[in-house]
Every structure is written in C-alpha cells, then in structure tokens.
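Breakdown of the fold
The chain contents come next:
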Amino acid sequence: ADDLRALLMALAILVNTFAMAVTLHGTPQSRSPLVNWYAIEAGIPFTMAPPRPSNHPFDQVPFLTDDGGVEVFESGACLLYLADKYASSSAEERAAWTPWVVWANSELDGLCFGAVPGDHRVRGESMSKPEVRSVGRLDQILGGREWLG
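These lines cover the structure that appears in this document, whether it is placed above or below. (Residues numbered from 1 in each chain as written. Predicted model: local features only at pLDDT ≥ 70, side-chain atom pairs only at ≥ 80, totals over all residues. Heavy atoms only, no water.)

Position of G110 relative to the elements: it lies in helix α4 (residues 91-113). G110 sits 17 residues away from M127 along the chain, and the two C-alpha atoms are 9.5 Å apart. (Helix = DSSP H or I, 4+ residues; strand = E, 2+ residues; numbered from the N terminus.)

Below, the structure is given as structure tokens:
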C-alpha cells in the first residue's frame, strides 16, 4: 500500500509538472524561435503570445510565463528554465548543457548573423568559414557527435 501510494504521488507530481501551461511571447525576428525549437524538440507544450504586452523589464522578447507564476526573460534563461523544469534530474546533468546555452547566447549569434552588440542589423555570417577559430572548433566538436550536450 505504501509503495502504491508513493507511486501515485510521484505520478501526480509528474502529471502536474507536464500539465503546466507555458506561454512564450516572441516573434520570428527575435531569439524566441530558439525557445520554440527547444520546446518542440523536448515535447513541452506551449502557446505563442504576441510580443507585447509582457513583463520583460526591457520590453523585449522572448518572455516566458507558466501557470505557476514563473516569469523568465532572455532566450538563454528561458532555455535553462525549461530544461530544469522538464528535463533535468541533477546538477551534473544540467552542467552538460548549461555551458552550451551560455556560449550560444554570447558567441553563436555573432557567428551566424555578424551581429554587433547594440546594433541588430545583420552584417553577414561566419558559420561557413571554418578558418574562424570558433567555427572550426565547433565543426570539430559536432563532427564526432549528434548533440552538443
């Protein structure tokens, strides 16, 4: 009876966790598609909402909310929150993907779009140039596996 009760409690917690509705405020021209992509790949149900109004302190997107009252802004923070909420089982597991999320938010955008901080115009890309140190190294890393983390 105690084992059954523990199993039912664990199942109730699991169902409650996955039943939470996630709402993502964003646009295709922002970094919110990164969050959409992860949610779809991870099987996390979500609803898209218009970019504004949201509670993002700088009036930007992406901005994520859930039924539990959690509010998260910035794509990397949204990704880490979703991974923690729906996929993480330990700090060690989280340590496998956290550095990649942080690296992608600080470096990958500039490599893909030639972005300059504070200037959101596309300036050209570097991803097709393996002579660029970060691109060459990323190519080496991905050459031996399907996923980063």
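This part is about helix α3 (residues 75-86). Compared with an ideal rise of 1.5 Å per residue, which puts 12 residues at 16 Å, α3 spans 16 Å between its outermost C-alpha atoms and is within 8% of the ideal. Burial analysis of α3 places nine of its 12 residues in the buried class, which makes it a mostly covered element. Inspection of α3 places S75, G76, C78, L79, L80, Y81, L82, A83 and Y86 among the buried residues, and these make up the whole buried set. (Expected span 1.5 Å × (residues − 1). Buried < 20%, exposed > 50% of the residue type's maximum accessible area, 1.4 Å probe, protein only.)

Before going further, it helps to examine the nonpolar core. By size, the foremost hydrophobic cluster in this structure holds 16 residues, and its most contacted members are V22, V35, I44, L64 and L82. Those elements that provide at least two residues to this core are β1 (22-25), α2 (32-42), α3 and α4. A total of seven residues in this core trace back to one element, the largest contributor, which is α3. Beyond its immediate chain neighbours, meaning those up to four positions away, I44 contacts V22, Y38, A39, L82 and Y86. (Core = buried A, V, L, I, M, F, W, Y, C linked by side-chain atoms within 4.5 Å. Contact = heavy atoms within 4.5 Å.)

Among the secondary structure elements, V35 is positioned in helix α2. Here the alpha-carbon distance between V35 and L79, two residues 44 residues apart in the chain, equals 6.0 Å. Not counting residues up to four positions away in its chain, the partners in contact with V35 are L24, P62, L64, S75, C78, L79 and L82.

Per the stated rule, a full pass over the model turns up two salt bridges. For R94, the salt bridge goes to D84, with nearest N and O atoms at 2.8 Å. One end of the pair, R94, is in helix α4; the other, D84, is in helix α3, and 10 residues separate them in sequence. (Salt bridge = Lys/Arg side-chain N within 4 Å of Asp/Glu carboxyl O.)

The four strands are arranged β2-β1-β3-β4 in an open sheet whose pairing can be described as mixed. Among the strands making up the open sheet, the edge pair consists of β2 (46-49) and β4 (71-73). The sheet shows a mean angle of 20° between the axes of neighbouring strands, direction not considered. Across the sheet, α3 lies against β1, β3 (63-66) and β4, angled at about 135° from β4, the strand it touches most. (Pairing = 2+ DSSP bridges. Axes fitted to C-alpha atoms, helices over the stretch in contact; angles between N-to-C directions.)

By themselves these figures say nothing about function.
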